[in-house]
Amino acid sequence: MKRWITSFLSIAVIAGAVVGIPGIAAAQEEDNPAKQLAEQPAVRHRLLLVKSRFELSPAFEATVNADYKHTVGLGLKIEYHLSDMLSFGVVGLYGVSFDTGLVSRIVDNLPERGSSQDIPGDPTPNKQEYESHLNTMPLHGAVYASITPWYGKLAAFGKAFVNFDFYFQGGLAIAQLDSSCSDAICNDPAPGVIDPERDLEPDGDPNNDPPLNDGIRPGLYLGGGIHVFINNWIALDLTVRDYIFSDNPSGLDFDADRAVTDDDRRFLNHLFMGIGVSFFFPSKARRTP
């Protein structure tokens with residue numbers, strides 16, 4: 001009888017241990033600080049400065065790599081932020097152009113009006129021919145998607161704190177180009193080929209050819225920048241934008257075949273640096289739990 005009682009008690013102890021082990025393990029997991037921390041959000045009560053908000057930004061930008069004409073643009077950026085990381089937007093700017101220092105140096109060394117024809121076959125343009133072929137960029141803009149992978153907070157002297165984020169953009173660019181070569185200068189009706197109306201051979205003079213560097217130019221767009229938030233709905237927007245499209249900014253014979261044709265265009269980067277002030281709507285930012 002004593003043996004039966006001892007066996008029964010042993011079985012009961014083993015069964016209780018088996019049943020209790022999962023409960024003990026679960027209790028240990030619940031009491032594990034590392035596991036509890038891993039399941040928590042990275043930041044509690046985080047201020048959602050961009051998520052589900054419209055961004056309206058008056059923008060100013062200027063070229064940094066222009067060869068012949070600097071462009072200063074003033075316009076507007078409109079963007080909607082679907083989440084903390086993803087947004088879609090459009091930017092458009094009106095541009096005013098002026099000569100770079102390179103143009104001044106070139107023009108100072110060119111012959112006066114008409115003197116380029118004194119030497120037969122000389123491809124050097126005179127001052128007026130050169131300046132008339134240059135183009136400007138009155139309008140440019142882009143449609144894009146934007147990714148914001150990083151955000152954080154900056155501190156100055158341990159007292160002044162500002163929020164910031166970095167973003168990268170990619171999309172489609174478009175530009176309106178303009179050139180003003182008059183018929184008195186650009187009067188070759190068929191550059192580089194036999195004139196079908198007068199049955200004349202090519203004149204070999206690219207300086208009287210139309211520049212073929214105006215009109216609408218579609219292309220690619222790349223950009224990036226940083227928001228520095230002044231408060232919960234106003235931010236300083238610092239940007240770098242690159243509009244990439246086909247262009248021949250000089251409007252002259254780039255490939256040295258003695259004629260200005262479409263072959264003289266190249267796929268060029270038009271790099272701008274800019275600054276703007278972004279206003280976010282609704283003006284009150286939400287917080288996470």
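As the structure is a prediction and not an experimental result, all values here were calculated from the model.

What counts as what
- Residues numbered from 1 in each chain as written.
- Predicted model: local features only at pLDDT ≥ 70, side-chain atom pairs only at ≥ 80, totals over all residues.
- Heavy atoms only, no water.
- Core = buried A, V, L, I, M, F, W, Y, C linked by side-chain atoms within 4.5 Å.
- Buried < 20%, exposed > 50% of the residue type's maximum accessible area, 1.4 Å probe, protein only.
- Helix = DSSP H or I, 4+ residues; strand = E, 2+ residues; numbered from the N terminus.
- Contact = heavy atoms within 4.5 Å.
- Salt bridge = Lys/Arg side-chain N within 4 Å of Asp/Glu carboxyl O.
- Pairing = 2+ DSSP bridges.
- Disulfide = S-S within 2.5 Å.
- Patch = residues over 30% accessible without salt bridge, like charges linked within 9 Å, V, L, I, M, F, W, Y side chains within 5 Å.
- Areas by Shrake-Rupley, 256 points an atom, 1.4 Å probe, with all protein chains shown as cover.

*Asks:* I keep staring at the nonpolar core and nothing clicks. Help me out?
*Replies:* Core analysis: the largest hydrophobic core is formed by 13 residues, its most contacted members being V91, M137, Y221, Y243 and F245. Broken down by secondary-structure element, the contributors of at least two residues to this core are β4 (86–99), β5 (135–156), β6 (160–179) and β8 (234–247). Setting aside chain neighbours within four positions, we find M137 in contact with T71, G95, S97, A175, Q176, L177, F245, H270 and F272.

*Asks:* I would appreciate a short explanation of the pattern of salt bridges in the present structure.
*Replies:* Close approach of charged atoms allows side chains with opposite charge to pair. What the rule picks out here adds up to six salt bridges. With a closest N to O distance of 2.7 Å, R241 and E61 form a salt bridge. One end of the pair, R241, is in strand β8; the other, E61, is in strand β2 (residues 53–63), and 180 residues separate them in sequence. As far as the burial class goes, R241 and E61 line up, both buried. The partner of K77 in a salt bridge is D237, and the shortest N-O contact between them spans 2.7 Å. Of the two residues, K77 is situated in strand β3 (residues 69–81) and D237 in strand β8; the sequence distance between them amounts to 160 residues. Take K77 and D237: they sit in the same class, and that class is buried. The network of salt bridges with shared partners includes E55, K77, E79 and D237.

*Asks:* How do you make sense of the pairing of strand β7 (residues 215–229) when you look at a structure like this?
*Replies:* Taken together, the 14 bridges between β6 and β7 define a ladder with antiparallel strand orientation. Bridging from a neighbouring strand, D165 pairs with H227 of β7. Two strands pair when backbone bridges link them, and β7 and β8 are joined in this way by eleven bridges, in the antiparallel orientation. Opposite G223, over in β8, you have R241 as the bridge partner. In sequence, β7 turns back onto β8 through a hairpin of four residues.

*Asks:* For this particular structure, what's the right way to read the state of the cysteines?
*Replies:* Two cysteines joined by a covalent bond between their sulfur atoms form a disulfide. Evaluation of the coordinates by the stated rule reveals one disulfide. Bridging C181 to C186, the disulfide has an S-S length of 1.7 Å. Residues C181 and C186 are joined through a disulfide that is right-handed, its torsion about the S-S bond being 85°. The same class applies to C181 as to C186, namely buried.

*Asks:* I keep staring at a nonpolar patch on the surface and nothing clicks. Help me out?
*Replies:* Taken together, the side chains of F54, L56, L76, I78, V90, V143 and F281 define a hydrophobic patch exposed on the protein surface, amounting to about 580 Å² of accessible area. Of all the secondary structure elements, the ones that give two or more residues to the nonpolar patch are β2 and β3. Secondary-structure assignment places F281 in strand β9 (residues 266–281).

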